[in-house]
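# Fold and geometry: a report
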Amino acid sequence: MPRRVEPCVASLVDNPPKGPDWAFEVKWDGYRLAVHVEPGEVRAITRGGYDWTKKFGTIAAEARGLGHASMILDGEAVVLDEQGRSDFGLLQRAVGKKPSLHEPSEIIFYAFDLLYLDGRDLRSLPLSERRRLLEPIVAGRTDAIRLSEEVHADGAEFFRAACELGLEGIIAKRRDKPYHSGRRPEWLKIKCARRDWFVIVGYEPSTMPGAIGRLLLAARKGDDLIYVGGCGTGWSNQESVALRELLNAIPAERPPVGLKRKGAVFARPLLIAEVEYRAWTQDGKLRHPSFKGVREMEGPSDVYEINAQPARTAVQ
């Protein structure tokens, strides 16, 4: 049984694919986890390869009772809001050290794939077969571990419904394909409004003492960081002050990006911000960005990567 499997990551596209070869699911907004069950040990491994079993103790405890000696479940850990939608900010607070209205016991793991079962590596099987083996294990459960249901519908209709319900988007997967690690064309994500992670390279101070006016953001392009604009909305006054304190604690000796901005305070590129935005401008800047959360960068793959040109996204 592998100690770790690099996850399959969905490629971002603007529109859902068509045809019977595609299966659709809700796109969950949380932490990607692989839950490894072995005799005497259960581990919850993040997308970046970190062991977060202690943070997800309720999930690990329930995984022990699923009735199999060994397995690897692939899925997403989330906290649901009052409307039953996954909310990354609620999850972040539930696993954090600060007081929160949400307890760690409220975290739900939605399993959507099964990579290993009782001594057998399942990754070479098509998705339809892996799902056939997964469903009897987790279907119908209503506690910490649940099944991420496939939705049998036209992709465009499901996408419209997901956006109307305020969901982040949908996932499309080829039923006939095996499981491959890395970003793959057989798994697609379609977002109602785009959300991606960008490196925080500094800030512009607010007129309010001790707060932030705009975060300065960058994306990856090869081994370089490219400035993609500023974000000035999405936080409370208290969060703004806390962000400024975090960035003041990691000052940069020189700007991490080629940007000259009077009054800007630059920080080392250690923190990343989740930002919701509608599209890219013609000059490669984020259009209507809104701050959604912050965390430490685990690795370069956490950050949005610019290819030749940032893809323009239809506004929903």
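One structure accompanies this document, and this report is about it. (Residues numbered from 1 in each chain as written. Predicted model: local features only at pLDDT ≥ 70, side-chain atom pairs only at ≥ 80, totals over all residues. Heavy atoms only, no water.)

## Let's talk about the overall build of the protein chain
In terms of regular secondary structure, the protein chain is built from five helices and 18 strands. Against the 2.2 N^0.38 benchmark of 20 Å for 316 residues, the protein chain shows a C-alpha radius of gyration of 20 Å, consistent with a compact globule. With respect to the three principal axes, the spread of C-alpha positions in the protein chain is 60 × 40 × 40 Å. Buried positions account for 51% of the 316 residues belonging to the protein chain. Within the protein chain, residue pairs in contact and separated by at least 24 positions form 68% of the contacts whose partners lie at least 6 positions apart. Only carbon and sulfur atoms are counted for the fraction: they give 49% of the accessible area of the protein chain, which is about 15,300 Å². Seen as two clouds, the 47 positive and the 44 negative side-chain charges of the protein chain have centres 5 Å apart. (Helix = DSSP H or I, 4+ residues; strand = E, 2+ residues; numbered from the N terminus. Rg over C-alpha atoms; globule rule 2.2 N^0.38 Å. Buried < 20%, exposed > 50% of the residue type's maximum accessible area, 1.4 Å probe, protein only. Contact = heavy atoms within 4.5 Å. Areas by Shrake-Rupley, 256 points an atom, 1.4 Å probe, with all protein chains shown as cover. Lys, Arg positive; Asp, Glu negative; His and termini not counted. Charge placed at Lys NZ, Arg CZ, Asp CG, Glu CD.)

## Observations regarding the sheet that holds strand S1 (residues 8-12)
Here four strands make up an open sheet; going across it, the order is S1-S10-S9-S2 and the pairing mixed. Both edges of this open sheet fall to S1 and strand S2 (22-26), since each of them pairs with a single strand only. Mean inter-strand twist for the sheet, computed between neighbouring axes without regard to direction, equals 40°. In this structure, S1 lies alongside strand S10 (residues 182-191), joined through five bridges in parallel fashion. Residue pairing for S10: Ala-10 is matched across the bridge by Arg-184. With respect to the sheet, helix H4 (residues 155-164) is in contact with S2, strand S9 (169-174) and S10, its orientation differing from that of S9 by roughly 155°. (Pairing = 2+ DSSP bridges. Axes fitted to C-alpha atoms, helices over the stretch in contact; angles between N-to-C directions.)

## Considerations on the pairing of strand S13 (residues 224-231)
In this structure, strand S12 (residues 212-221) lies alongside S13, joined through seven bridges in antiparallel fashion. Paired with Ala-218 across the strands is Tyr-227, a residue of S13. Counting the residues between successive antiparallel strands, the hairpin from S12 to S13 contains two residues, one of them, Gly-222, with a positive phi of roughly 65°.

## Section: empty space enclosed by the protein
Throughout the structure, instances matching the rule amount to one cavity of 30 Å³ or more. In this structure, the largest cavity spans a volume of roughly 80 Å³. Val-5, Pro-7, Ala-34, Ile-45 and Thr-46 are, among the 13 residues lining the largest cavity, the residues nearest its centre. Of all elements in the fold, only strand S3 (31-38) and strand S4 (41-46) reach the threshold of two or more residues within the lining of the largest cavity. By residue number, the principal contributor to the lining of the largest cavity is S3, which donates four residues. Residues that form the lining of the largest cavity fall into these classes: seven nonpolar, two polar and four charged. (1 Å grid on protein atoms, 1.4 Å probe; cavity = no way out; pocket = protein on both sides within 12 Å on 5 of 7 lines; lining within 4 Å. Points joined across faces, edges and corners; volume = space filled by probe spheres on them. Nonpolar A, V, L, I, M, F, W, Y, C, P; charged D, E, K, R; others polar.)

## Concerning the environment of Lys-27
Inspection of the secondary structure puts Lys-27 in the loop between S2 and S3. Along the backbone, Lys-27 and Asn-307 are 280 residues apart, and their C-alpha atoms lie at a distance of 24 Å. Once residues within four sequence positions are removed from consideration, Lys-27 is found in contact with Ser-86, Glu-168, Gly-169, Ile-170, Ile-171, Lys-189 and Lys-191. Side chain to side chain, Lys-27 and Glu-168 meet in a polar contact 3.3 Å long. (Polar contact = N/O pair within 3.5 Å; in protein donor to acceptor, adjacent residues only side chain to side chain.)

## Re the pattern of salt bridges
It is possible for side chains bearing opposite charge to pair when their charged atoms get close. Following the criterion strictly, the structure yields 28 salt bridges and no others. Between Glu-25 and Lys-173 there is a salt bridge whose closest N-O contact spans 3.0 Å. One end of the pair, Glu-25, is in strand S2; the other, Lys-173, is in strand S9, with 148 residues separating them in the sequence. Comparing Glu-25 with Lys-173, the two get one shared label, buried. Where Glu-204 meets Arg-261, a salt bridge forms, and the shortest distance between an N and an O atom there is 2.8 Å. Here Glu-204, found in strand S11 (residues 194-205), pairs with Arg-261, found in the loop between helix H5 (237-248) and strand S14 (265-266); they are 57 residues apart in sequence, far enough to count as distant. The exposure class assigned to Glu-204 is buried, which follows from its relative accessible area of 16%. Salt bridges sharing common partners tie together Glu-25, Arg-131, Glu-135, Glu-150, Lys-173 and Arg-175. (Salt bridge = Lys/Arg side-chain N within 4 Å of Asp/Glu carboxyl O.)

## Describing helix H2 (residues 88-95)
Along H2, seven of the eight residues are buried, which leaves the element largely enclosed by surrounding structure. Buried-residue contacts for H2 involve S3, strand S5 (71-78), S11, strand S15 (271-277) and strand S18 (290-296). Where H2 begins, the capping side chain belongs to Asp-87, and its oxygen is found 3.1 Å from the backbone nitrogen of Leu-90.

Interpretation note: all reported values are geometric properties and have no functional meaning in isolation.
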